[in-house]
Amino acid sequence: MKVLLSIKPEFVDKILEGTKKFEFRKNTFKRDGVKTVVVYSTMPVGKVVGEFDIEDVISEHPDLLWHRTKKAAGISKQFFDEYYLGREKGTAIKVGNVVRYERPLCLSELGDNITPPQSYRYLPS
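What you are looking at is a predicted structure, and each value in this text was computed from that prediction instead of being measured.

### So, the overall build of the protein
Per the secondary structure count, the protein includes three helices and six strands. Starting at the N terminus and walking to the C terminus, you meet the elements of the protein as β-α-β-β-β-α-α-β-β. Taking 2.2 N^0.38 as the reference for a compact globule, 125 residues should give roughly 14 Å; the C-alpha atoms of the protein span a radius of gyration of 14 Å, in line with that estimate. Over its C-alpha atoms, taken along the principal directions, the protein stretches across nearly 40 × 30 × 25 Å. Entry remark: accessible area of the protein is about 7,400 Å², with carbon and sulfur atoms responsible for 48%. In the protein, 21 side chains carry a positive charge and 17 a negative one; their mean positions are 2 Å apart.

Structure (structure tokens):
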């Protein structure tokens, strides 16, 4: 199963070039069997630019999460702390094999009525 994630262009670039090995989220997926993240680069790009395999999903207290991911987080400790402020749990999606699309896609090419997700969106197979 695939999910669509909206990710800021600065972080998309780091994921695609291999310097950001974790994508951080406040919530984890509710369904089992999610294997691939399809990457929507938010405005000003506004396109689906690639995908990556999910190597692992880590959900735990933000202090422990930072300790486990900081070497390849691709974000600052300050950004991380502000993102998880007041939260008891955070999620890190470990980026596996990355594929950059030769031609970025419009959301409409993924199916009918697909809009940029606030968090994530399951995609039809």
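### Structural notes on the sheet that holds strand β5 (residues 90-105)
Strands sit in the order β2-β5-β4-β3-β1-β6 across an open sheet of six strands; the sheet is mixed. Pairing within the sheet leaves two strands with one partner each, and these edge strands are β2 (22-25) and β6 (120-123). For this sheet, the mean inter-axis angle between neighbouring strands, taken without regard to orientation, is 40°. Across four bridges, β2 lies against β5 in antiparallel orientation. Residue pairing in the sheet places E23 in a bridge with I93 of β5. Sitting on the sheet, helix α1 (residues 9-17) is in contact with β1 (2-7), β2, β3 (36-41), β4 (47-60) and β5, with an inclination near 85° to β5.

### Brief notes about the pattern of salt bridges
Scanning the entire structure with this criterion turns up seven salt bridges. A salt bridge links K77 to D81, with the shortest nitrogen-to-oxygen separation between them at 2.7 Å. Here K77 pairs with D81, and both are found in helix α3 (residues 77-83), just four residues apart, close to one helical turn. E109 is the salt-bridge partner of R103, the closest N and O atoms lying 2.8 Å from each other. Each of K20, E23 and R25 takes part in a single network of salt bridges with overlapping partners.

### A look at the side chain of T36
With respect to the helices and strands, the residue T36 is situated in strand β3. Non-local contacts of T36, meaning those with residues more than four positions away in its chain, are made with M1, K2, V3, E51, F52, D53 and I54.

### Describing unusual backbone geometry
Cis geometry is adopted by the peptide bond preceding P44, which originates at M43 and carries an omega value of 15°. Tracing the backbone shows P44 in the loop between β3 and β4. Residues other than glycine seldom take positive phi values, yet N113 does so here, at roughly 60°. Turning to its location among the elements, N113 is positioned in the loop between β5 and β6. With relative accessibility at 71%, the residue N113 sits in the exposed group.

Thresholds applied
- Every chain is numbered independently, its residues counted from 1 as its sequence is written.
- Reporting in this predicted model follows two pLDDT cut-offs: at least 70 for local features of residues, and 80 or more for side-chain atom pairs to be given and counted; totals over whole chains, interfaces and linings ignore these cut-offs and use all residues.
- Think of the side-chain values as coming from all heavy atoms in the structure, minus any hydrogens and water.
- Comment: elements are numbered from the N terminus, with helices defined as DSSP H or I runs of at least four residues and strands as E runs of at least two.
- Only C-alpha atoms enter the radius of gyration, while the globule expectation follows 2.2 Å times N to the 0.38, with N the number of residues.
- Under the convention used here, a 1.4 Å probe and the Shrake-Rupley method define accessible areas, while residue burial counts only the protein chains that appear.
- When charges are counted, neither His nor the chain ends are considered; positive counts come from Lys and Arg and negative counts from Asp and Glu.
- For this purpose, a charge sits on NZ of Lys, CZ of Arg, CG of Asp or CD of Glu.
- DSSP calls a pair of strands paired once it identifies at least 2 bridges connecting them.
- Simply put, an axis is a line fit to the C-alpha atoms, just over the touching stretch for a helix, and the angle between two N-to-C directions goes from 0 to 180 degrees.
- We call two residues in contact when some of their heavy atoms are within 4.5 Å.
- One side-chain nitrogen of Lys or Arg within 4 Å of one carboxyl oxygen of Asp or Glu is enough to make a salt bridge.
- Exposure is judged per residue with a 1.4 Å probe applied to protein chains only, and the accessible area is read against the type maximum: over 50% gives exposed, under 20% gives buried, and values in between give partly exposed.

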